[in-house]
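# Analysis of the macromolecular model
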Amino acid sequence: MRVLLIHCHPCGESFGAALCAAARDALERGGHELRVTDLYREGFDPVMSEPEWRRYHDEEVNRTPVERHVEDILWAEALVFVYPTWWFGLPAMLKGYLDRVWVPHVTFDVPTAARGMQPRMQHICKIAVVTTCGASWLVSWLMGQPGRRTILRGIRALCAPRCKTCYLAHYNMDSSTQDSRVRFLKAVERQLGKF
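Residues numbered from 1 in each chain as written. Predicted model: local features only at pLDDT ≥ 70, side-chain atom pairs only at ≥ 80, totals over all residues. Heavy atoms only, no water.

We now examine the pairing of strand β3 (residues 78–85). The two faces of a sheet get side chains in turn, since along a regular strand they alternate between them. Across the eight residues of β3, eight count as buried, placing the element largely inside the fold. Relative to strand β6 (residues 126–133), β3 runs parallel, the two being bridged by eight bridges. Across the sheet, residue F81 finds its bridge partner in β6, namely V129. (Buried < 20%, exposed > 50% of the residue type's maximum accessible area, 1.4 Å probe, protein only. Helix = DSSP H or I, 4+ residues; strand = E, 2+ residues; numbered from the N terminus. Pairing = 2+ DSSP bridges.)

Printed below as a string of structure tokens:
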């Protein structure tokens, strides 16, 4: 498959970076064609400017500021997001990526009075999330897991109707141990090895 791996962490020697490397290795061993977007390393600007917002619904130009990223999501058959969960949600950098890249007339048709929103990303049939959460599973669940919902419900709604999803989270990251991190790295390699 053609897999787009989107990594979002500011620190190159973080556990998040190790997770991205493990994901990449597992996908490459699986024979997938891979493109990697490392939002912090490439200096992606998550801020939508006023001129960009004013052109947001103009299908002639709304993708121009992020053309390469749009080409990547149009190329992909599968998406893998690797990021830390902060305040129960997506890091601002990743949210800004979704805001700026997943634009109307590319990823969806805007709803009208006559019809609802129409998804356009029917070529994407798998989505995986690899994340770390400082809180426990229970606390994350009680807070509603907004980051998980944004990707596995919001983004998935734009993809193929039978798009498969996978959510891998290391909970209690704030009190993690070397052993718990190694176990999670192995779980990521195992799960993405079956991708």
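Now for a nonpolar patch on the surface. A cluster of nonpolar side chains, W137, L138, W141 and L142, forms an exposed patch at the surface whose accessible area comes to about 480 Å². The topology assignment puts L142 in helix α5 (residues 137–142). (Patch = residues over 30% accessible without salt bridge, like charges linked within 9 Å, V, L, I, M, F, W, Y side chains within 5 Å. Areas by Shrake-Rupley, 256 points an atom, 1.4 Å probe, with all protein chains shown as cover. Salt bridge = Lys/Arg side-chain N within 4 Å of Asp/Glu carboxyl O.)

Inspection of the secondary structure puts V80 in strand β3. Between the alpha carbons of V80 and V36 there is a distance of 9.5 Å; along the sequence they are 44 residues apart. Contacts of V80, omitting those with residues within four sequence positions, involve V3, L4, L5, I6, L27, A128, L192 and F195. (Contact = heavy atoms within 4.5 Å.)

The parallel open sheet is built from five strands, whose spatial order is β2-β1-β3-β6-β7. Each edge of the sheet is formed by a strand with only one pairing partner; in this case those strands are β2 (33–38) and β7 (164–170). Each strand of the sheet is rotated relative to its neighbour by a mean of 15 degrees, with strand direction disregarded. Contacting β3, β6 and β7, helix α7 (residues 178–193) runs over the sheet at an angle of about 170 degrees to β7. (Axes fitted to C-alpha atoms, helices over the stretch in contact; angles between N-to-C directions.)

Turning our eyes to something else, we now look at the side chain of S140. With respect to the helices and strands, the residue S140 is situated in helix α5. Those residues in contact with S140 that lie beyond four places of it in its chain are F88, C133, A135, Q145 and Y171.

Here we come to helix α1 (residues 15–29). Taking 1.5 Å per residue, 15 residues should reach 21 Å; α1 reaches 21 Å between its end C-alpha atoms and fits that length. Taken together, the buried positions of α1 are occupied by F15, G16, A17, L19, C20, A22, A23, A26 and L27. The secondary structure elements touched by the buried residues of α1 are β1 (2–7), β2, β3, β6, β7 and α7. Looking at where α1 begins, the residue whose side-chain oxygen comes 3.3 Å from the main-chain nitrogen of G16 is S14. Once α1 finishes, G31 follows within two positions and takes phi at roughly 85 degrees, a positive value. (Expected span 1.5 Å × (residues − 1). Polar contact = N/O pair within 3.5 Å; in protein donor to acceptor, adjacent residues only side chain to side chain.)

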